[in-house]
2 protein chains.
Amino acid sequence: MSVLIVGSTALDSIKTPKAENPRLLGGSASHAAVAASFFAPVRMVGVVGEDFPKRYLALYRKHGIDLAGLQTKPGKTFHWAGEYEANMNRRRTLATELGVFETFSPELPPAWRDTPFVLLANIAPSLQHHVLDQMRRPKFVAADTMDLWLNIALPDLLRLLPRVDLFILNDSEAQQLVKEDNVIAALPKLHRLGPRYVIVKKGEHGSILSSPKGLFLAPAYPLKRLVDPTGAGDSFAGGLMGYLASAKGSIEANLRRAIVHGSVAASFCCEGFGVAQTTKATRAAITQRVQELGKLAAF
Amino acid sequence: MSVLIVGSTALDSIKTPKAENPRLLGGSASHAAVAASFFAPVRMVGVVGEDFPKRYLALYRKHGIDLAGLQTKPGKTFHWAGEYEANMNRRRTLATELGVFETFSPELPPAWRDTPFVLLANIAPSLQHHVLDQMRRPKFVAADTMDLWLNIALPDLLRLLPRVDLFILNDSEAQQLVKEDNVIAALPKLHRLGPRYVIVKKGEHGSILSSPKGLFLAPAYPLKRLVDPTGAGDSFAGGLMGYLASAKGSIEANLRRAIVHGSVAASFCCEGFGVAQTTKATRAAITQRVQELGKLAAF
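An account of the accompanying structure is given in this report. The structure displayed is predicted, hence computed values, not measured ones. (Residues numbered from 1 in each chain as written. Chains lettered and ligands numbered in written order. Predicted model: local features only at pLDDT ≥ 70, side-chain atom pairs only at ≥ 80, totals over all residues. Heavy atoms only, no water.)

Points about the packing of helix α1 (residues 28-36) of chain A against helix α8 (residues 232-246) of chain A
Residues and elements named next belong to chain A. Where α1 meets α8, the closest approach of the two axes is 7 Å, and the angle between their N-to-C directions is 40 degrees. When the axis of α1 is compared with that of α8, the two are oblique. Of the two possible hands of crossing, α1 and α8 adopt the one that is right-handed. Counting all contacts with α1, which are made through Ser28, His31, Ala32, Ala35 and Ala36, the residues of α8 involved are Asp234, Ser235, Gly238, Gly239 and Gly242. Tallied by class, the residues present in the contact of α1 with α8 amount to three nonpolar, six polar and one charged. (Axes fitted to C-alpha atoms, helices over the stretch in contact; angles between N-to-C directions. Helix = DSSP H or I, 4+ residues; strand = E, 2+ residues; numbered from the N terminus. Parallel < 35°, antiparallel > 145°, perpendicular 65-115°, else oblique. Left-handed = near helix turned anticlockwise from the far one by under 90°. Contact = heavy atoms within 4.5 Å. Nonpolar A, V, L, I, M, F, W, Y, C, P; charged D, E, K, R; others polar.)

Some thoughts on the relation of the copies chain B and chain A
Overlaying chain B on chain A yields an RMSD of 0.0 Å, the required transformation being a rotation through 180 degrees with an accompanying axial translation of 0.0 Å. The transformation just described matches what one would write down for a two-fold rotation axis. No C-alpha of chain B approaches the rotation axis more nearly than that of B:His205, which lies at 3.0 Å. Mapped onto chain A, 100% of the interface residues of chain B are again interface residues, and the two copies thus contact each other with one and the same surface. (Least-squares fit on C-alpha atoms with pLDDT ≥ 70 in both.)

Description of the interface of chain B and chain A
With 30 residues of chain B in contact, the opposing surface of chain A contributes 30 residues. Together chain B and chain A conceal approximately 2,500 Å² of surface at their shared face, both sides included; 64% is due to carbon and sulfur atoms. For the pair chain B and chain A, the interface holds 12 residue pairs in polar contact (both at pLDDT 80 or more). Going through the elements one at a time, α7 (183-191), β13 (214-218), α9 (251-270) and α10 (283-297) of chain B are the ones with two or more residues in the side of chain B that touches chain A. The element best represented in the side of chain B that touches chain A is α10(B), accounting for six residues. Its residues assigned to classes, the side of chain B that touches chain A comprises 18 nonpolar, four polar and eight charged. (Buried area = accessible area lost by both parts, 1.4 Å probe. Polar contact = N/O pair within 3.5 Å; in protein donor to acceptor, adjacent residues only side chain to side chain.)

Details of the side chain of A:Lys202
Mapped onto the fold, A:Lys202 is located in the loop between β11 (197-201) and β12 (207-211). It turns out A:Lys202 is buried and unbridged, and the closest side chain with the opposite charge, B:Glu204, is 5.2 Å from it. For A:Lys202, the contacting residues outside a window of four places in its chain are A:Asp171, A:Ser207, A:Ile208, B:Glu204 and B:His205. (Buried < 20%, exposed > 50% of the residue type's maximum accessible area, 1.4 Å probe, protein only. Lys, Arg positive; Asp, Glu negative; His and termini not counted. Salt bridge = Lys/Arg side-chain N within 4 Å of Asp/Glu carboxyl O.)

Here it is, written out as structure tokens:
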């Protein structure tokens, strides 16, 4: 089954202690769509400016991503510039130029309104709402977010949560949202905001799924070398939703393995700048790391 | 088989945002010995002053801990006072009164020199050496440490590591010791210091074993409520070594399950002040959490 993904489509200029990379393909929708494409047909909703490099459109197409929902508008593509510290755990934003993103209104091609799986990747909650408003009874809806929206669009986000099946956020966002330092104690409070499934991402420490059947403690794929973690969370969400859309059986039965596939997709993302390594992955390479992770975590 | 445990035997005064608890039973050897006692006969080497409460000796005995190596000296028992912040992740030391610990020289009863399993719990590396010097060819030696010894006794610690089979330390200590921010990349560098097995503890995020056969990513038992993490690492090491000493088969084959048992012992420790909850655990309760953890981490 297909996955519809809405989010940002951006150019990222990323500085690390070891390298500087201007205008990489970035944005939550780009990372998520590339990761999801290894598993299921992907429909991407986003906006780019006239300066958007043709090679990036070619990259989307190489992954079979349907671009009927990608608008091209007069003006510049959303540009983000950031810098990572030596240990890659902290980053600071150097520049945010919204460009055509400032007036973005996601519009779904009519044929996409019945897409069964919907990933509302990280983007303003009002736009996530706007996409859901255009959908007819999707089978499964997941939403990702970021601290920015907790700070400037909390009411919109709180209205969104009862509309989604799965809410994905990281540990510090979870702590901030429900004012609870202990992540395990935060989970029931997050469910009370609406979603049946909650995943708290903990970066290199893996993630925790909370579902009606209890918790799942998911490991992260261990990496000796982290090149650029930008987009890891988006790749996680994309890989997870792509796998879910491709798997037979119930959501509940597939969710654990979907998370591990998302985690492995994120590991490829972290090994290169932008989508450089994710795009080189294959379904077979992902499966191999999933199996390896199974052996690394078994007892 | 028996486990010999050397470490500190202390009185801990622990302040948290919610409670103040003076003169609890504490010290690395106390926590480790109680945790190990659920699995194997324990021989404890330590020192206490004349002020050491009789009820704590009774508690050791209740756990079948052999106290022939516990010296009682004129003076006061080692006393540590500390305060935890609201999220329990940071603590600061309010007082350290060494008392009889200042001149402690661990002496082994002659019959203990053949103990097959040896846990050098957190204590000055020179004392860890002194215990090993008295042993005859132990089957398996594990050493724990803390940042203090990296700062003030690094040469002693570096001389110790080639003498131990398993080195246990936490993530920030690993990063400091081999000057490597990435824990996965730090592991080969830690092996080069001597030990065949290395475990990096990551608190609530579990731990990582590195062995000649590769990595094991171990989960931590998820706790909704953390009362007092003091001694969690000691309980982890004690539970692990107790399990190893009790299990049939090779070290390599038992190490993963030993780590999970240590992790569960640590979870009980965190649920009460001092050893209050660890002492109430049973082998059956530990086994139940190990099985539960297996289900929480399976995919």
